[in-house]
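Structural description and commentary
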Amino acid sequence: IICIIHISATAEAVSLGLTLVFVCVTGVGLYLLYRVGWKPSLDSAADYSRLLKFSIPLLISSSVYTLLTNADKVLIGYFLSPRLVGQYEVVITLALLLGLFKSAFSFLIFPKVTEASAKDSQVDLEYMYQQTTKWILLCTTPAFLVLINYPDFFVLLFGSEYSTSN
């Protein structure tokens with residue numbers, strides 16, 4: 001991919017490079033599987049229609065999720081410009097980083113909440129909720145204020161090509 005980008009930094013070249021990488025990796029993987037002697041086989045007793053009935057809704061829901069999580073970037077690139085997609089991606093990344101503290105504390109508090117709930121300890125639950133909320137606010141608020149008041153500060157972490165001035 002890097003060689004193709006250096007030769008011609010166009011979207012087509014990047015797509016071609018990415019396709020070549022996938023083809024090469026697939027080829028090497030199949031060669032290694034062949035070399036160790038693994039040969040896939042189909043189970044004749046398996047009920048493939050049940051497998052497909054189970055798998056197709058999962059495939060559709062995963063595809064829709066992927067489409068919805070990337071639709072905003074595709075639409076910005078189509079209607080505005082690819083440059084704005086890069087700036088948008090930086091802003092979204094920074095905004096999602098603010099939610100990192102909430103996720104981390106949620107991950108840590110769930111076992112304790114379950115433990116306190118099993119003991120029917122309402123006092124412990126209230127205390128944990130208050131303390132967790134305070135820590136999340138304490139960790140998130142300064143970064144939020146800096147992001148709102150001085151957006152260039154965080155954006156410059158991604159490089160000067162993502163300047164917020166137009």
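Coordinates for the structure precede this section.
Residues numbered from 1 in each chain as written. Predicted model: local features only at pLDDT ≥ 70, side-chain atom pairs only at ≥ 80, totals over all residues. Heavy atoms only, no water.

**Details of a nonpolar patch on the surface**
On the surface, Leu52, Ile56, Ile60, Val64 and Leu68 cluster together into a nonpolar patch covering about 470 Å² of accessible area. In this structure, leucine 52 sits in helix H3 (residues 48-79). (Patch = residues over 30% accessible without salt bridge, like charges linked within 9 Å, V, L, I, M, F, W, Y side chains within 5 Å. Areas by Shrake-Rupley, 256 points an atom, 1.4 Å probe, with all protein chains shown as cover. Salt bridge = Lys/Arg side-chain N within 4 Å of Asp/Glu carboxyl O. Helix = DSSP H or I, 4+ residues; strand = E, 2+ residues; numbered from the N terminus.)

**Remarks on the pattern of salt bridges**
Across all of its chains, the model carries two salt bridges by this definition. Its salt-bridge partner being glutamate 89, residue lysine 73 comes within 3.7 Å of it at the nearest N-O pair. Of this pair, lysine 73 sits in helix H3 while glutamate 89 sits in helix H4 (residues 82-98), and the two are 16 residues apart along the sequence. Relative accessible area serves as the criterion here: at 33%, glutamate 89 is assigned to the partly exposed category. With its nearest N and O atoms 3.7 Å apart, the salt bridge here joins glutamate 115 to lysine 119. (Buried < 20%, exposed > 50% of the residue type's maximum accessible area, 1.4 Å probe, protein only.)

**Structural notes on the packing of helix H5 (residues 100-118) against helix H6 (residues 122-149)**
Between H5 and H6, the least distance of the axes is 10 Å, while the angle of their chain directions is 175°. As far as their axial angle goes, H6 and H5 are roughly antiparallel. Residues Phe101, Lys102, Phe105, Ile109, Lys112, Val113, Ala116 and Ser117 of H5 pack against Asp124, Leu125, Met128, Tyr129, Thr132, Trp135, Ile136, Cys139 and Thr140 of H6. Looking at the contact of H5 with H6 residue by residue, the classes come out as 11 nonpolar, three polar and three charged. (Axes fitted to C-alpha atoms, helices over the stretch in contact; angles between N-to-C directions. Parallel < 35°, antiparallel > 145°, perpendicular 65-115°, else oblique. Contact = heavy atoms within 4.5 Å. Nonpolar A, V, L, I, M, F, W, Y, C, P; charged D, E, K, R; others polar.)

**Brief notes about the packing of aromatic side chains**
Summed over the entire model, instances satisfying the criterion amount to one aromatic pair. Seen from their ring centres, tyrosine 78 and phenylalanine 79 are 4.9 Å apart, and the 85° between their planes marks the pair as edge-to-face. An identical accessibility class is assigned to tyrosine 78 and phenylalanine 79; each is exposed. (Phe/Tyr/Trp six-rings, centres within 6.5 Å; stacked < 30°, edge-to-face > 60°.)

**A short note on H5**
Here H5 spans 28 Å end to end across 19 residues, near enough to the 27 Å set by a 1.5 Å rise per residue. Maximum bend of H5: about 35°, positioned at isoleucine 109, with proline proline 111 one to four residues after it. When H5 is considered as a whole, its buried residues turn out to be Ser106, Ile109 and Ala116. Along its buried surface, H5 packs onto H6. Positive phi shows up at aspartate 120, right after H5, with a value of about 55°. (Expected span 1.5 Å × (residues − 1). Bend = angle between axes of the 7 residues up to and from the residue.)

**Some details on the side chain of threonine 132**
Note that threonine 132 resides in helix H6. A distance of 2.7 Å separates a polar side-chain atom of threonine 132 from the backbone oxygen of methionine 128. Each residue touching threonine 132, except ones within four places of it in the same chain, is listed here: Phe105 and Ile109. (Polar contact = N/O pair within 3.5 Å; in protein donor to acceptor, adjacent residues only side chain to side chain.)

Spatial relationships are all this shows, so hold off on functional conclusions.
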